[in-house]
Amino acid sequence: MTATQTLLFALLTPLASATLIAFFLRRRGALASYVSVAAAAAIFVFTVLAIRDMGDEGIVASWDWLTFGNFNVSMGFLFDGTSATMLTMVAFVGFLIHVFSLGYMADDGARARFFGGLSIFMFSMIGIILADNLIMIFIFWELVGFSSYMLIGHYLNTEEAAAASKKAFIVNRIGDLGFLVGIVYAYWHFGTTNLSEMQGIILANSGLISATIAALLACGFIGKSAQFPLHVWLPDAMAGPTPVSALIHAATMVAAGVYFLIRIEFLFPDSIKCAIAILGTSVAVYAGFSAYGQNDIKKILAYSTLSQLGYMAAAFGLGFPGIALFHLITHAFFKALLFLGAGSIIHGCHHEQDIFKMGGIFKKMPITSITFLIGVLALCGVYGLSGFFSKDAILIAAGLQGNVLFAMLTLGAFLTAGYMGRLVWIVFFGKPKSKAAEKAHESGFTMLLPLVVLAALSVVGGYMNLWPEQLGGIIRGSKDALHHLDGYDAMHHTVLILGSAACIVGLLGSFFFYGVGATEDRLEKKAGPVYGFLKARLWFDEIYGYYVAKIQQRFANLLSVLDIFVIKGIFVRGTAGVVGLLGLGSKSLHVGNIHGYVYWFLIGLIFFWGVASGLFKAF
Amino acid sequence: MIDILFYVFAATVLISALVMVIAPNAVNAAMAMIVSFIGTAALFVLLEAYFLAILQVLVYAGAVMVLFLFIIMLLDVDKSETSYFNDKMTLGASIIGFGMVVVLVCSAFLGGNHLPEPGLLPVIENPTGEGLGIEYTTSTKSFGYSLFTKYMLPFQVAGFLLLAAMIGVIVVSKKQEENS
Amino acid sequence: MEHDTNSFILLAAILVPLVTGVIALLGGRLNTSALRSISALGFGIPLIIGIYLFCNFDASLIGEYNFELRAPTGLESIGIYLHLGLNAISLPLFLLAGVVGLAAGLYAMNSKAERLNLYLALLLFMLGGLMGTFASVDVFFFYFFHEFALIPTFIMIGIWGGAGRRGAAIEMTIYLTVGALLSLLGLIALYVTSGVDSFSLLELRNYLSEQPLSETVQSNIFALLLFGFGILVSLFPFHSWAPKGYAVAPSGAAMLHAGVLKKFGLYGLLQIAYPLLPEGGEHWFSLIVWLALGNILFIGLVTIAQKDLKMMLGYSSVMHMGYAFLGLVTFSVVGVGGALLMMVAHGLSVALLFMLATCIYHRSQTFDMSAMGGLATKAPVLAAFFVAGTMASIGLPGFGNFWGEFTIFAALAETEHTRWLVAPAAIGIIISAIYGLRAVANIFFGQPKEVFVAQLESDTVVDLKLSEKVPALILIIALVITGLFPRLLSDNANSELANLYPVEDTLPHHEVMTLPSTTDAHKELTH
Amino acid sequence: MNELLAEFLHGYAATNEWTVIMPEIMLAILALGMLGAEMVLPKNSHGLIPRLAMWGQALILVVLLSAGCSFGGDPKGYFSGMIEQTNVTHMMRAFFLVCSIFVCYLGQIYLSKQNLAKTEFYHLVIIIAAAMMLLVQSAHFVMLFVALETVTVAFYVLVAYCRNNSLSLEAGLKYLVLGALSSGILLFGIVLLYGVAGNPELAGFSRDSLAYGELAKFIELNPDNLLVKVGALLVIAGICFKIGAVPFQIWVPDVYQGAPTPVTAYLAVASKAAGFIVLLTLVRGPLAGLSEFLVPVLSFIAAVTILFGNITAVTQRNVKRLMGLSGIAHAGYLLVGVIAALTIDWAVYAVIFYLVTYLLASFAVFGVMAHLADSADANQELEHYQDLARKRPFLSGILTCGLGSLAGIPPLGGFIGKLFLFVAAFQAGLYGLLAISVIGVVISIYYYFGWIRECYFGTQVAESESVESAPLLTADRVMLGALVLGTIAIGLVPAVLPIIP
Amino acid sequence: MTIGLNAFLLVSGLLFAIGLLGVILRKNTLVIYMSLELMLNAVNIALVAFSRYNGTMDGNIFVFFIITVAAAEVAVGLAIIVALFRRRQSVMVDQLNALSR
């Protein structure tokens, strides 16, 4: 089996499983779930095989798909270190989350649909990772959008799920609009959309770098990775089942935006990169603040995801795509861990998601809690944990570039520690604050295993030298680049101190501010306006809601009225009416009296004779 | 001399025709009609179409008008019909229409500017018919000849026309028998 | 002209539906099963023939027609022959007609329409006309078959239509007749002014390629064809007939008309107007662009405002025509190819949606989307199919529509003077996403509205029956095939279009430096 | 009486070949024979007479067609130039025979519901047929006038035939007065032409100026003589009355409504067709010299006629008036064909083709009307047709095909007819008229399809005004079916109508 | 005779016009019908005049036919008028407009 075929199998296995489920296993939920999990496992196996066979040339393959005149679409693989790294992560985390879902969704009526959706998602995600050209990326980009739509809407008959899925898809579409335009422009600009060819062209003549195209392509990233101003869909997307949030909206899909940037890094001029850095930083801070306004455990995690994505964007913008990827990977580990942990808690608390109704979970669900805490620490970037290395590198990069970004990102780190602390103290300690919390119970094996594994990864994931050497080449590259910048060491120490300080201060601060097992939000009590401001998240949803309901809808109604009354009413019906009136008129000419008719003859006679004697020269 | 006759007859024709048109009483109209027909016959005579003149008097002044008078009497509709004088609309319209037609007619025929005046050819007793068509003649014989040679087909068709008319009159006016 | 057997097989694809239709019409006393089996023949055989011909299609005949058949019918004096044949452009539409015809037929056969035999007969006539339309080389018969297929629509709407059918039927018919007559005038004008004494598209093409008409003549005739065909395709200001007409039309008629018959106009522009009258197309360029944008943006927003499901579908099918027009105005192989894909895929998806709309109606007893909700719990398969149809129509990859739209966008970006159009046109994909997903959410997801709860509980609400699944699956599978393997259509069409439309190499050719083979992650060999 | 004249006239008489008008003579004999038959036959077997009429004419049709096959094709004059036979006249003679056969058929249906004289009806119909056959062959104004008047007088009678129905009589009166008026105008025109063309003072004057050929020569020489123009236009005015063209169309709805349905059909088809052929013969023969003067006038008439007919028909509910008004519209289309025929030779045949399709379609429609009519058939409203498809499916099918063909919908014959006309008009460059015609066709869709709509899309009205009439016999099915099949056959394979060369 | 052709034509034209006037003006169907005969008469005059001045007999013979036809027409017309009178008890056109619109 050649490496290409291996990749093909890795790509098509989940599709096959999805089709199988869709057509034959709709009513056999259990079977469907096993099929899907098996598919996920197979993906991981194929990935490993592929990485073994890739050699240092990578795997390249391409098939023509559609040709019209000058326009040629091809499908192909560009399986190099970067994509290998990403694929490994996705395959592994994906597999774990599949396993987790076995337990989590055990008693769900529509399991089959859920696992089918997961398989479709894996298919599309792997497609993005392996794609060798922009068009193919776009295709699978849309497909992950669809699968996320499907999975967010899993709980069909809840209004919020319906709304959230719709919102996610449409907001993503807005981003994809720019992406699409960027692609077609790029096609006629470079004569191809093949990544390596474009890179070759740009290496040959860097003058061809076009800010417009880069910016347009970045729109896709903004939509998918939920950056300003298209971030609104991500928190709502938490309406989906928790494993989905873990897989799609934390670990992989939202990160795909960053991955996409890394893939096409060579297309970006510094201006756009800088813009992206600023964008990411601001999102990091913004999301950090917003998290304080949330009581839903998943929403808090969602905002933390937002801010971490901001970090990745910043890393990329600062010119270190490798570090961005690094943070992406580590983040995938601990954020998946956190979400799964939250899922486990929610599962244990019988689908109670409000942190102020939990408490005392630690005693009830020890394993979950421990793993969760590990995840928290990793996220806060406590020294030695995976999160530390990546965030550390980002801060260093920021520090070396400019002070503002550095300060903001440090602030972000502090905020992160703060809201995670808030969550931890309130959820795990103190005494249960609701029936659900009292009856909380530790989850089953299938759910704990992934937690443990991910916890382990969150601890050691940061040590590059533990990685297989085919992987993370680009990360090493960027790290080296960072190391060789002057002032690295000094900055390293400052960041070390500041970062650790940030997380300690954050954790302790939240401890003292909120207190263990608080029953309600102290901030809300003490400083209502502040809390309200944070909760409002700069009123983005309100603004969009207003636009959709008041402006867009009314405009549409106006146009439809125009369409009916002006175009149909006046032009079409009007003409018919005129004819009808004329008809009535000419009908009334038939008076029935012979004289009335003889007049016609007289007129006719005079007319003809007159014409003959040339009275009417009109003729 | 003959010219004067022309004017006299022409005047007779036109005036009696006008009388016929405006006479409120149908019987008077019919009488005026007869006069104008006879005037026409006289004009025919001036044009030396004696046979036609006779025919005119016999058929029109005789048969047709008698038929008219007969019907008028039968239907007893000779009560004077003056409504059209009150009906200003009709009156005005007809006057205008009439005027326009007259103008057109005069513009066509007055002063021979459109139709050159041919000189009167002599009337031949024994037409020889060299060239196309028979020269103008008074001899009834040639009339009959050409009817039965050149105009054979129309002549026969006219026969059927009369037959159809006869059948039609019967169909329309015979008392319906209550059979079938 | 030598006729091989395939020519007559092609002819059979037209005759079989007509004959079976006549049988169904006269056999009013046939028992239902016999009627069904006969009409099933009529609906199935054209598709089978289509696939057979697709397999035997010889793509090497560029500028020629496969399976040609040429027979006099008494119109030779004005150069009209019954001249059938298929080329790489008409073949996809021929297949489309077969597929949609089969789906519509299967669906109609099991519908509870009264006077079923008349209904099926009319559908069969329509199908026969459609097969003929796309199999005609002779532009007169191209028109003839279209009209032939149009009339059954009128009767079907009139007899089996929904509320307000009387008015809608007449209005639609009159409106479409205007379009048809204009295009007929255009075709006659083409015949007369070209001076080649034939209505055969081939001869016209060969002749006009040697001595093209003067520019004014071209633009005049093009105007006739544009507005004639435009009305039939519901080009922007001339679309009023479509939404209401489709809203009241019975599903079979709506499927065949919106799905296939409507494509007649685009096909005419694509195959006749643009290739024969290029300068005319140039002359009307900007107008068409604005009207097409009207289709996409104006009608798109109007679609958002719709509450009635079928009206929404009708408007959306109007909107998508805008893309096809944009594809045509680029006057390049790329754009026209995109339009071709668009036509086929849109035909399938819109037929699917109209059919499912009727299925929904049978369960919800209403078309008012704001009065539904939560249907998915009772009818998951219906929901899944409808979502599939919606996703197809809003251009999700994996369905043919995506390739159509994407290719058209690419074509717009190809040349400088259409590049600005990409963005406004692409806004359409957002608009369609909005109304499509909103419809799905309103009908299937969330809690049922108060008025709908009782209806939803009634046991009439069941999932799709087999008789509804099969036609839907046929269409979905066709959509997926076009979505996964667009080459099936594009490869042949590409070479044919390259013969009809100008191809200048607009691709930039930059020199490509092979990457230094370091341990850099991006090391690649460029192929 | 001298020999010269005698032999000169014998030269005339030599050309009187009665054999060439054998069909007309046989028709006349048939007509007379039926009067005889009525006398000799016992009352109870009078039912034979209509069959006699139809079969007799069918026989004559056979004779005519066989003669027509032997006909060479080049025009040839007979009866000292009174008539001239061309292949157009041959087609038209068959056309009129077919018409009168169908009229006899309709008459049979109609008279079976009325208490009227029967035999005379067929007699007159046949005489009209013969006269029209001569009318289209006539090449001499005397012949034209006499034949025309025969047709007209017989039509006066037929329109007023239903003498116990005052509507029919009133229609007869209107037709009579206006007809006489128009023949007066026609005559005046003829006279002017005769006089001017025979005027010895004018160049190229003719001694036999009533003959078309001579007249043509004269007009070629002096086309812009005022009186020639006046005469020509007055003649055309007289014919416009026959074909129902604006402004001489105004009588049409009333007379069509009042006349018995078969007569309406006869007027609508045969009389109109005769008028058109005469018009064609004139504008292409004697008046050819005036064409650039006539074209604008005729175009104007055609345009107004098309619009008037269609627009007026839109709001009309009475079906007989509706047919009349739509007939006006068709006259307009045919006028377009006539104008085209001034420049395009084959347009003549396009006109004839259109006439034939019009014949088939109209007789289908009128046949249905005759079947549905009760004793007072002047007042058939569209409402009577509601739900016809349920009550009388066969008839509604026939009606649909007929109306569809009139509207010009493929695959029916009417469409092909319109196609030929349009192509001819295009070749003649009559773009304006084409536009008008298209508008007209579009408007016509409204009322034709409105009628069909009444039949099919019925809103389940109460069975009260359902038309109870005699069930269809096989003969009826055959007759009507033949019409529709003919229409469809022409639409699908126009070759079945070998008219276009 | 020095009277020219045009004089006769003028007479006939005027007679024609008068006949037309009668047709327009009168309400009595019989009189209208007489006026129509008058118009035919006018035509006859013109015909004979032409025939005389052009020196061909055809005009005369035409007149012969016209008279025949006119007689026939009169017969039929009067028959119809009488029948109508039987039904409607009137010969006035303004009462004979049952057929309209």
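As the structure is a computational prediction, the values presented were derived from the model and not from experiment.

Reading guide: rules and limits
Residues numbered from 1 in each chain as written. Chains lettered and ligands numbered in written order. Predicted model: local features only at pLDDT ≥ 70, side-chain atom pairs only at ≥ 80, totals over all residues. Heavy atoms only, no water. Helix = DSSP H or I, 4+ residues; strand = E, 2+ residues; numbered from the N terminus. Rg over C-alpha atoms; globule rule 2.2 N^0.38 Å. Buried < 20%, exposed > 50% of the residue type's maximum accessible area, 1.4 Å probe, protein only. Contact = heavy atoms within 4.5 Å. Areas by Shrake-Rupley, 256 points an atom, 1.4 Å probe, with all protein chains shown as cover. Buried area = accessible area lost by both parts, 1.4 Å probe. Salt bridge = Lys/Arg side-chain N within 4 Å of Asp/Glu carboxyl O. Polar contact = N/O pair within 3.5 Å; in protein donor to acceptor, adjacent residues only side chain to side chain. Nonpolar A, V, L, I, M, F, W, Y, C, P; charged D, E, K, R; others polar. Axes fitted to C-alpha atoms, helices over the stretch in contact; angles between N-to-C directions. Parallel < 35°, antiparallel > 145°, perpendicular 65-115°, else oblique. Left-handed = near helix turned anticlockwise from the far one by under 90°. Core = buried A, V, L, I, M, F, W, Y, C linked by side-chain atoms within 4.5 Å. Pairing = 2+ DSSP bridges. pLDDT = per-residue confidence, 0-100. Expected span 1.5 Å × (residues − 1).

Enquirer: What should I look at first to understand the overall build of chain C in this one?
Expert: Along the backbone of chain C there are 23 helices and two strands. Since a compact globule built from 527 residues should have a radius of gyration of about 24 Å, the 23 Å found for chain C is in line with a globular shape. C-alpha extents for chain C along the principal axes are approximately 75 × 70 × 40 Å. Within chain C, buried positions represent 69% of all 527 residues. Sequence separation of at least 24 residues holds for 81% of the intrachain contacts in chain C that already meet a minimum separation of 6. Total accessible area on chain C stands at roughly 15200 Å², and carbon and sulfur atoms take up 65% of it.

Enquirer: Looking at this model, I keep getting lost on the interface of chain B and chain E. Mind explaining?
Expert: One widely used convention gives an interface's size as the accessible area the parts lose upon coming together. At the junction of the two partners, chain B supplies 81 residues and chain E supplies 70 residues. A combined buried area of about 7100 Å² lies between chain B and chain E, and 79% of that area is made up of carbon and sulfur atoms. Together, Leu47, Phe68 and Tyr136 of chain B form the three largest contributors to the area buried by chain B at its contact with chain E, with a combined 10%. For the pair chain B and chain E, the number of links is two salt bridges. For arginine 52 of chain E, the salt bridge identified is with glutamate 48 of chain B, shortest N-O distance 2.9 Å. The tally of links between chain B and chain E comes to 14 residue pairs in polar contact (both at pLDDT 80 or more). Looking at the side of chain B that touches chain E, the elements that each hand over two or more residues are helix 1 (2-22), helix 2 (26-46), helix 3 (50-75), helix 4 (83-86), helix 5 (88-109), helix 6 (140-148) and helix 7 (152-173) of chain B. When residues of the side of chain B that touches chain E are assigned to their parent elements, the largest contribution, 13 residues, is made by helix 3 of chain B. Of the residues belonging to the side of chain B that touches chain E, the class tally is 63 nonpolar, eleven polar and seven charged.

Enquirer: Would you explain the interface of chain B and chain A in this entry?
Expert: Contact residues are listed per partner, giving eight residues for chain B and seven residues for chain A. Linking chain B with chain A are zero salt bridges, by the criterion used here. Applying the counting criterion to the chain B and chain A interface returns zero residue pairs in polar contact (both at pLDDT 80 or more). Grouping the constituent residues of the side of chain B that touches chain A by class yields six nonpolar, two polar and no charged.

Enquirer: So what exactly am I meant to see when it comes to the packing of helix 18 (residues 400-414) of chain C against helix 20 (residues 422-444) of chain C here?
Expert: Residues and elements named next belong to chain C. Contact geometry of helix 18 with helix 20 gives a least axis separation of 10 Å together with a crossing angle of 165°. The angle between helix 18 and helix 20 falls in the class roughly antiparallel. Along this stretch, helix 18 crosses helix 20, giving a crossing that reads as left-handed. Residues Glu405, Phe409, Leu412 and Ala413 of helix 18 pack against Val422, Ala425, Ala426 and Ile429 of helix 20. Partitioning the contact of helix 18 with helix 20 into residue classes produces seven nonpolar, no polar and one charged.

Enquirer: Which parts of the structure should I look at to understand the nonpolar core?
Expert: Soluble globular proteins tend to bury their nonpolar side chains together. Among the nonpolar cores identified, the biggest contains 833 residues, and Phe444 of chain C together with Tyr266 and Trp451 of chain D are the most heavily contacted of them. Of all the elements, helix 14 (residues 347-372) of chain D adds the most residues to this core, at 22 residues. Dropping the residues within four chain positions of it, tryptophan 451 of chain D is found in contact with Val319, Leu322, Met323, Val365, Met369, Leu382, Tyr385, Leu399 and Leu403 of chain D.

Enquirer: Could you clarify how one ought to interpret the pairing of strand 1 (residues 59-68) of chain A in this entry?
Expert: A regular strand places its side chains on the two faces of the sheet in alternate fashion. Residue and element names in this part refer to chain A. Bridge count for strand 1 against strand 2 (residues 71-79) is nine bridges, and the pairing is antiparallel. Along strand 2, the bridge assignment pairs aspartate 64 with serine 74. A loop of two residues connects strand 1 with strand 2, the two strands running antiparallel in sequence, and glycine 69 in this loop sits at a positive phi of about 50°.

Enquirer: Explanation requested: the environment of serine 209 of chain C in the structure shown.
Expert: All names here are of chain C. Along the polypeptide, serine 209 turns up in helix 7 (residues 201-210). On the basis of relative accessibility, which here comes to 52%, the residue serine 209 falls in the exposed class. Between the C-alpha atom of serine 209 and that of leucine 276, which follows or precedes it by 67 residues, the distance is 7.5 Å. Within the structure, the side chain of serine 209 is placed 2.5 Å from the backbone oxygen of asparagine 206, a separation counted as a polar contact.

Enquirer: Quick question: what am I supposed to make of the packing of helix 7 (residues 166-197) of chain D against helix 1 (residues 5-25) of chain E here?
Expert: Helix packing geometry: the angle between the two helix axes and the distance between the axes. The contact between helix 7 of chain D and helix 1 of chain E brings their axes to 12 Å, and the two run at 165°. Classified by the interaxial angle, the pair formed by helix 7 of chain D and helix 1 of chain E is roughly antiparallel. With respect to the hand of their crossing, helix 7 of chain D and helix 1 of chain E are arranged in left-handed fashion. Only Ser12, Gly13, Phe16, Leu20 and Val23 of chain E of helix 1 of chain E make contact with helix 7 of chain D, whose side of the interface consists of Leu181, Gly184, Ile185 and Phe188 of chain D. Of the residues in the contact of helix 7 of chain D with helix 1 of chain E, the class split is six nonpolar, three polar and no charged.

Enquirer: Would you explain the confidence of the model for chain C in this entry?
Expert: Residue and element names in this part refer to chain C. Averaged over chain C, the pLDDT score is 89; the fraction of residues at 70 or greater is 97%. Of all secondary-structure elements in chain C, the lowest mean pLDDT belongs to helix 21 (residues 450-457), at 79, while helix 3 (residues 90-109) reaches the highest, 94. With pLDDT under 50 throughout, residues 517-527 is counted as low confidence; its partners more than four residues away or in other chains account for 31 contacts. This complex was scored by the predictor with a pTM of 0.91 and an ipTM of 0.91.

Enquirer: Whenever I open this one, helix 16 (residues 393-407) of chain D confuses me. Can you help?
Expert: Note that an α-helix has 3.6 residues per turn; residues three or four places apart therefore point the same way. Residues and elements named next belong to chain D. If you check helix 16, its first and last C-alpha atoms are 21 Å apart, about what 15 residues at 1.5 Å a residue would give, namely 21 Å. The element helix 16 is largely enclosed, with a buried count of eleven among its 15 residues. On its buried face, helix 16 sits against helix 13 (319-341), helix 14, helix 15 (388-391), helix 17 (413-427), helix 18 (431-456) and helix 19 (474-492). One or two positions beyond helix 16, positive phi appears at glycine 408, with a value near 80°.

Enquirer: Help me understand the pattern of salt bridges, please; the structure alone is not making it clear to me.
Expert: Two side chains with opposite charge may pair up if their charged atoms get near one another. On inspection of all chains with the given rule, the structure shows 28 salt bridges over all chains. Here lysine 167 of chain A makes a salt bridge to aspartate 236 of chain A, at a shortest N to O gap of 2.9 Å. Of this pair, lysine 167 of chain A sits in helix 6 (residues 159-190) while aspartate 236 of chain A sits in helix 9 (residues 233-236), placing them 69 residues apart in sequence. Residue lysine 167 of chain A is classed as partly exposed on the basis of its relative accessible area of 23%. With a shortest N-O distance of 2.6 Å, glutamate 265 of chain A and lysine 273 of chain A are connected by a salt bridge. Accessibility expressed as a relative area gives 10% for lysine 273 of chain A, which makes it buried. Via salt bridges that share partners, Glu170, Lys174, Asp254 and Arg321 of chain D together with Arg88 of chain E belong to a single interconnected network.

Enquirer: Could you clarify how one ought to interpret the arrangement of the chains in this entry?
Expert: The two partners chain B and chain C share no contact, and the minimum distance between any of their C-alpha atoms is 38 Å. You won't find any contact between chain C and chain E; their C-alpha atoms come no closer than 25 Å.

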